[in-house]
Amino acid sequence: MHMTSTHEPKASPKVRLIMLACLIPLIVVTIAGLFVLWPSGPDKDLPCGGPTTNSAEGTSDTKVTVTAVDASDCDPGETDPMVRADCTTYTVEANGQEGSLYVTPDAVKAGVDVGDTIKALDFTKSPDRAEMGTDYVFIDFDRNVPMLALAIIYAIVVLLVAGLRGLRALIGLGFAGAVLFVFMLPAMLDGKPPVLVAMVSASLIMVIALYLAHGISTRTSTALFGTVLGIIITGILGAWMTSWANLGIAYSEDGYLLVDTTDLGMTDIIVCAILITGLGVLNDVTITQASAVWELAAAAPEMKPGQLFSRAMRIGRDHIASTVYTITFAYVGSALMTLIIVSAHDQPLFDTFTLGDMSVEVVSILVCSIGLVIAIPLTTGLGVLVVKSGVRPPGRPTGSAAAPGMIAAAPGTIAAADSGMIAAADLTEERPPMPRREARERDQNR
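In the nomenclature of an unreviewed UniProt entry, the protein corresponds to YibE/F family protein from the organism Brevibacterium permense.

1. Some words on the nonpolar core
Of all hydrophobic cores here, the largest spans 58 residues; its most connected members are Phe-183, Met-184, Val-197, Leu-224, Val-293 and Leu-308. Within the residue set of this core, elements represented by two or more residues are α1 (13-36), α5 (144-189), α6 (194-214), α7 (218-244), α9 (266-299), α10 (305-334) and α13 (356-388). Non-local contacts of Met-184, meaning those with residues more than four positions away in its chain, are made with Val-179, Val-197, Ala-198, Ser-201, Cys-272 and Ile-276. Grouped together as the second largest cluster of nonpolar side chains are 15 residues, Val-64, Ala-85, Ala-94 and Ala-107 included.

2. Section: the pattern of salt bridges
What the rule picks out here adds up to five salt bridges. With its nearest N and O atoms 2.8 Å apart, the salt bridge here joins Arg-143 to Asp-140. When its relative accessible area of 28% is taken as the criterion, Asp-140 is described as partly exposed. Close ionic contact of Glu-295 with Arg-219 constitutes a salt bridge, the shortest N to O distance being 3.3 Å. Of the two residues, Glu-295 is situated in helix α9 and Arg-219 in helix α7; the sequence distance between them amounts to 76 residues. Given the relative accessible area of 14%, Arg-219 is considered buried.

3. A look at the sheet that holds strand β4 (residues 117-122)
Ordered by their spatial adjacency, five strands build a closed barrel running β1-β2-β3-β5-β4, and the pairing between neighbours is mixed. When strand polarity is set aside, the average angle formed by the axes of neighbouring strands in this sheet is 55°. In terms of strand pairing, strand β1 (residues 60-70) meets β4 through six bridges, oriented antiparallel. Counted as the bridge partner of Asp-61 is Leu-121 from β4.

Cut-offs and rules
- Residues numbered from 1 in each chain as written.
- Predicted model: local features only at pLDDT ≥ 70, side-chain atom pairs only at ≥ 80, totals over all residues.
- Heavy atoms only, no water.
- Core = buried A, V, L, I, M, F, W, Y, C linked by side-chain atoms within 4.5 Å.
- Buried < 20%, exposed > 50% of the residue type's maximum accessible area, 1.4 Å probe, protein only.
- Helix = DSSP H or I, 4+ residues; strand = E, 2+ residues; numbered from the N terminus.
- Contact = heavy atoms within 4.5 Å.
- Salt bridge = Lys/Arg side-chain N within 4 Å of Asp/Glu carboxyl O.
- Pairing = 2+ DSSP bridges.
- Axes fitted to C-alpha atoms, helices over the stretch in contact; angles between N-to-C directions.

Right, here's the structure in full:
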């Protein structure tokens, strides 16, 4: 009877040395790339400013609270937001002073009520105040409190369910955000090669986030190498497909702004977006596959490498199906407004998905999905090689092998003596009943 090992399988010293020899150059290259590509120029300001800035002299952004809404000048039953924006008077308070607020038609349709906190442009000190005819202009609703509360709820749920590992994952998420906003985006605006910047950023995020969340082990290193291979495949495929499909055209206002005012090209931006998108899904599937291989090997150490790979891939195939759905539906949810507009147009569905921004998103989904699908068998195969290098099937007890013609007595057996002979029967093994003819011959020989 075989005993199942409860200890996590460990790779052989030779394999651990090989993995270390591959990991050290990866870390060294990543750190070197971080220093070489670090943005050195001054912060780049794009023309037209951001959503809370204005080029008008003397203006600034501020927060105001709506104190009164007067729609008495509007006709009864008037529902046109354009008309209601002109006939409705909004009174707000900012820094203890009251003033008037102009609300845009889309915000009027959404509903601005007494007590709402609004982000607005302050024209009270601007020479254009008389021309504007209002003290403040609506920018957007202030969502700081509800979004902060939602982030706190998210962190609490993660900590309650995942415990210390969830805390480490949250720290890794914060580190990833710092890499994106402190290094990657400024370096791209500074004119550094966007694809190299994205690769260095992805490598840095992978190394820190994976080891921080899952600990330093051969299992995590296997997932890391699987993610690296997946990112390389995704990047190569994304660059080739972006060039082949001629996706280097700006289709949105943001794209026009970046192409016209910076040295960035749309092709490079799209490849970088594909790499960062692929990083998220690849990290998910590779760590899951590595864990599947390790747990299966721990549960059945006598399993052959081919059997281990086959069983782990059963889990991987389920993960492939669910993750492909996740990528697709995540895009559908984020681009629902665009899809509604597109569905109203009288044109073939295939043409719809091959024009404009839709083509970029479709290519991104397909490229990331291909990288994900390929990364799963790569990670699984690598995991099997690593884990089987240190797993040995349990051997038989030395006392269980007996010489021919001899019966060894062991604990758990019943010994019976008859005519100077000792017979042992092992109760731990289930034996078939003795035929009657053999039983009679045995009794006659006695």
